[in-house]
Amino acid sequence: LALIHRWRSGGGVGGQSGDPLHDPTSAVVARTVQVYNAAFCQEYPINREDARRGVPGILYGRYLKDSYGGGNPWQLITAALASLLYQAAQFTVASGSGPVDATLIAWQ
């Protein structure tokens, strides 16, 4: 999520131009999500079981090997991923075009 909340330097408030450094549908964001999806799918048995059963979605934790509170997925981090996916959908509708080529493959 930090990838789309980092701002380009410019003339805006606090040196921000108002444009994110990466759009939510950019290849770098998609590849980052792809890597985290694979990592957290291996981290939590519930993700592996859901994948086996064909249940869509994935639960994220704060970071890999986190042992606080039993090392379980965190709702706020998972909600941040959902927020990113909604932002990507809104960006696609507003721009009239979605991710293409390798980016599309990474989002799957």
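You'll find the structure just up there.
Thresholds, definitions, all that
- Residues numbered from 1 in each chain as written.
- Predicted model: local features only at pLDDT ≥ 70, side-chain atom pairs only at ≥ 80, totals over all residues.
- Heavy atoms only, no water.
- Helix = DSSP H or I, 4+ residues; strand = E, 2+ residues; numbered from the N terminus.
- Buried < 20%, exposed > 50% of the residue type's maximum accessible area, 1.4 Å probe, protein only.
- Expected span 1.5 Å × (residues − 1).
- Arc of directions from axis to C-beta.
- Core = buried A, V, L, I, M, F, W, Y, C linked by side-chain atoms within 4.5 Å.

A. Here's a closer look at the overall build of the protein chain. Regarding its fold elements, the protein chain presents 5 helices and 2 strands. What you see in the protein chain, going N to C, is helices and strands ordered as α-β-β-α-α-α-α. Out of the 108 residues in the protein chain, the part that is buried amounts to 21%.

B. Expanded view of helix H4 (residues 75-95). A rise of 1.5 Å per residue sets the reference length of H4, with its 21 residues, at 30 Å; its end C-alpha atoms lie 30 Å apart and thus fit the reference within 8%. Within the sequence span of H4, burial applies to Thr78, Leu81, Leu84 and Ala88. Down the axis of H4, the sector holding all buried residues measures 110 degrees, keeping them to one side. Exposed residues pointing more than 90 degrees away from the buried face of H4 are listed as Gln75, Leu76, Tyr86, Gln90, Val93 and Ala94.

C. Focus on the nonpolar core. Val29, Val33, Phe40, Cys41, Tyr44, Ile58, Tyr60, Leu81 and Leu84 form the largest nonpolar core, which has 9 residues in total. Residue contributions to this core peak at 4 residues, all from helix H2 (residues 27-43).

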